[in-house]
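# Remarks on the overall topology
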Amino acid sequence: MSTRNELQNTVFHTAILGAGASGLMCAGSFDRSKIIIEHNAKPGVKVSVSGGGNCNFSNRFVSADDYLSQNKHFCKNALAAFKPQNFLDLLTQENIRWEERAHGQLFAFGAANIVRMLVRRAQKANTQILANTQALDVRRENGLFVIDTSAGPVRAQYLVLACGGLSFPSLGAAAFGIKIAQKFGLNLIEQRPALAGLTFPKELRERFKPLAGNSLKAAVSCAKHTFTDQLLFTHEGVSGPAVLQTSLYWTAGQPVKVNFLPEEDALAFLHTQKNIAKTFTAALHGKLSAKIVKAILAGLPDDLANAPRSVLEEAARRLNGFAFVPAGTSGYTRAEVTAGGVDTREINPSTFEVRRVPGLYIIGEMLDVTGRLGGFNLHWAWSSGFAAAQALEKKF
Ligand SMILES: Cc1cc2nc3c(=O)[nH]c(=O)nc-3n(C[C@H](O)[C@H](O)[C@H](O)COP(=O)(O)OP(=O)(O)OC[C@H]3O[C@@H](n4cnc5c(N)ncnc54)[C@H](O)[C@@H]3O)c2cc1C
């Protein structure tokens, strides 16, 4: 670790702001004198809790279609240059075990192994990691980048912003990187919490509150996108994989529809049950719990045997397409990622250098590229970090 004096007298080839997924991958992928500035006490904090502690580090089926961005083709070069197999090769070199789960999701056995590997690689590639140090500002001076930090100024020829998104401030997320991008005049795409839960509007909150903690398979739709997976009721709304995926496409004011019987035509089913079961609750037994039926069909008589056509139709409509306009998302405190960010039209898609600020690079979640659930966001961090490293290696 450098002393304050040593730091001030050194000009690094590259300074990287943020020792997260993309910053560590970038640092470990080219061999020049580097410093990473990280305000957390340890590097890779978000990676270490990712995937429920087992790090869903990539996905076998990564493609550009798995990413949301205003500039759809931007991610293609980086994804082509660093594939899931490239990350698996790194794990093999380090004897780190992994497994493939449903839908091509690749998981480690313990996210700590991944963080240790990333740190080791970075250190082997001539990188000093300055933890517990906050980057406070960035300026240009005599052709160099000067980063004012809580440990004093740091000088470098090249600068990589790898500061991540705004999600999970408790894990170190901050708006600093975006503030610097703004300072350099870069266009931004509005940021919003994504891969987040959705909250019920006031009038539905009390009705669904007793269901908190219950989950079931459902098809959740918004803006022509439908996701069939687990839905979890929370104290304030809905969450779980089907909802998190939907939140990527949800914007304020848009309705969301939940199909609680995704494999069933509810109206046809209720007709077949009319002479068999006395109540809706009994008819749906085995498909939906009584508690869930009560909340969905609230206000309708439970009497299926004598239900007029209009009641049957209303019940079926709610079961196959319960529509509501969410009050909002569960917010940055619980969103897995931040959608939006630096407009990728500002960035060279092969090198990740900012077009109008030579020497400045931006990678990872700071950019307006947001992956679906299933390992795609970490894969983006690796791919973008690797691409910037390839470019920086050629710089003297
Ligand atoms: C709980 C959770 C679980 C997740 N699980 C998965 C998963 O299993 N699979 C998946 O693909 N994605 C997952 N993600 C998303 C994924 O972790 C991120 O998309 C990814 O880490 C982004 O990488 P990054 O390098 O851009 O940012 P980060 O990894 O967030 O790194 C940014 C770093 O910059 C540092 N920093 C910020 N500002 C400053 C400053 N001023 N000074 C110094 N340091 C600063 C931060 O402390 C942080 O360490 C998860 C996210 C969360 C919140």
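Residues numbered from 1 in each chain as written. Predicted model: local features only at pLDDT ≥ 70, side-chain atom pairs only at ≥ 80, totals over all residues.

## With respect to the overall build of the protein chain
When its secondary structure is counted, the protein chain shows 14 helices and 21 strands. For the protein chain, the C-alpha atoms occupy an extent of roughly 85 × 40 × 35 Å along the three principal directions. Relative to its 396 residues, the protein chain shows a buried fraction of 46%. A fraction of 72% describes how many contacts in the protein chain between residues 6 or more apart in sequence connect residues 24 or more apart. (Helix = DSSP H or I, 4+ residues; strand = E, 2+ residues; numbered from the N terminus. Buried ≥ 20, exposed ≤ 12 C-beta atoms within 10 Å, placed from the backbone. Contact = placed C-beta atoms within 7 Å.)

## Focus: the pairing of strand 2 (residues 34–37)
In summary, the side chains of a regular strand alternate between the two faces of the sheet. Burial of the side chains of strand 2 extends over both faces: Lys34 and Ile36 are buried on one face and Ile35 and Ile37 on the other. Both strand 1 (residues 11–17) and strand 2 contribute to a ladder of four bridges, which runs parallel. Looking at strand 2, one finds that Leu17 is bridged to Ile37. Crossover handedness for the path strand 1 to helix 2 (residues 21–28) to strand 2: right-handed. Where strand 2 meets strand 7 (residues 127–130), four bridges bridge the pair, whose relative direction is parallel. Considered in strand 7, the bridge of Ile36 is made with Ile129. (Pairing = 2+ DSSP bridges. Right-handed = clockwise from strand over helix to strand, strands pointing away.)

## Structural notes on the domain arrangement of the protein chain
Along its sequence, the protein chain is organised into domain 1 (4–193 + 337–393) and domain 2 (198–329). Between the C-alpha centres of domain 1 and domain 2 the distance comes to 40 Å. Facing the six residues of domain 1 at the interface are five residues of domain 2. Residue composition of the side of domain 1 that touches domain 2, grouped by class: four nonpolar, one polar and one charged. (Domains from an automatic or database assignment. Nonpolar A, V, L, I, M, F, W, Y, C, P; charged D, E, K, R; others polar.)

## Things to note about the environment of Val238
With respect to the helices and strands, the residue Val238 is situated in strand 15 (residues 237–239). For Val238, the contacting residues outside a window of four places in its chain are Gly197, Leu198, Leu231, Leu232, Phe233 and Val243.

## Focus on the sheet that holds strand 6 (residues 105–108)
Taken in spatial order, the three strands of this open sheet run 3-6-5, and their pairing is antiparallel. With partners counted over all chains shown, the strands left at the sheet margins are strand 3 (56–59) and strand 5 (98–100), one partner each. Across the sheet, the mean angle from the axis of one strand to that of its neighbour is 25°, orientation sign disregarded. Where strand 3 lies against strand 6, three bridges are found, and the strand directions are antiparallel. Paired with Asn59 across the strands is Gln105, a residue of strand 6. (Axes fitted to C-alpha atoms, helices over the stretch in contact; angles between N-to-C directions.)

## A few points about the sheet that holds strand 18 (residues 328–329)
A sheet is described by the order of its strands in space; here seven strands give the open sequence 17-16-13-14-15-12-18, paired in antiparallel fashion. Strands with a single pairing partner mark the edges of an open sheet, and in this sheet they are strand 17 (322–324) and strand 18. Taken together, the two bridges between strand 12 (residues 198–199) and strand 15 define a ladder with antiparallel strand orientation. Its bridge partner lying in strand 15, Leu198 is registered against Val238.

## Looking at the site of the ligand
Close to the ligand lie 39 residues; Gly18, Gly20, Gly164, Gly172 and Gly364 are nearest. Those elements that place two or more of their residues in the shell around the ligand are helix 2, helix 3 (45–49) and helix 14 (376–393). Across the shell around the ligand, the residue classes break down as 19 nonpolar, 16 polar and four charged. (Near = placed C-beta within 6 Å.)

## Focus: unusual backbone geometry
Although it is not a glycine, Asn132 adopts a positive phi angle of roughly 55°. Mapped onto the elements, Asn132 comes out in the loop between strand 7 and strand 8 (135–141). Unusually for a residue other than glycine, Lys224 sits at a positive phi of about 70°. Position of Lys224 among the secondary structure elements: in the loop between strand 13 (215–222) and strand 14 (225–233). A count of 6 C-beta atoms within 10 Å places Lys224 in the exposed class.

## Quick word on the nonpolar core
In this structure, Ala15, Leu17, Leu159, Val160, Leu161, Tyr361 and Ile362 are the most contacted members of the largest nonpolar core, which totals 76 residues. Judged by nonpolar contacts, the second largest core, of 41 residues, contains Phe200, Leu232, Leu304 and Ala335. (Core = buried A, V, L, I, M, F, W, Y, C linked by C-beta atoms within 7 Å.)

## Notes on the packing of helix 2 against helix 6 (residues 111–124)
Orientation of helix 2 relative to helix 6, taken along the N-to-C sense of each, is 40°, at an axis distance of 7 Å. Classified by the interaxial angle, the pair formed by helix 2 and helix 6 is oblique. Relative to helix 6, the crossing made by helix 2 is left-handed. From helix 2, Leu24, Met25, Ala27 and Gly28 reach across to helix 6, where they touch Leu118, Val119, Arg121 and Ala122. Residue classes in the contact of helix 2 with helix 6 are distributed as six nonpolar, one polar and one charged. (Parallel < 35°, antiparallel > 145°, perpendicular 65-115°, else oblique. Left-handed = near helix turned anticlockwise from the far one by under 90°.)

## Notes on the packing of helix 2 against helix 14
Helix 14 packs onto helix 2 with a crossing angle of 35° between their chain directions and a minimal axis gap of 7 Å. When you trace helix 2 past helix 14, the crossing you get is right-handed. Contacts between helix 2 and helix 14 involve Ala21, Ser22, Gly23, Met25 and Cys26 on the former and, on the latter, Leu378, Ala381, Trp382, Ser384, Gly385, Phe386, Ala388 and Ala389. Among the residues forming the contact of helix 2 with helix 14, the class breakdown is nine nonpolar, four polar and no charged.

## Thoughts on the environment of Leu231
Structurally, Leu231 can be placed in strand 14. Along the chain, Leu231 and Gln254 lie 23 residues apart, while their C-alpha atoms are 19 Å from each other.

## Some points on the environment of Arg140
Tracing the chain through its elements places Arg140 in strand 8. Along the sequence, Arg140 and Gln157 sit 17 residues apart, while their C-alpha atoms lie 9.9 Å from each other.

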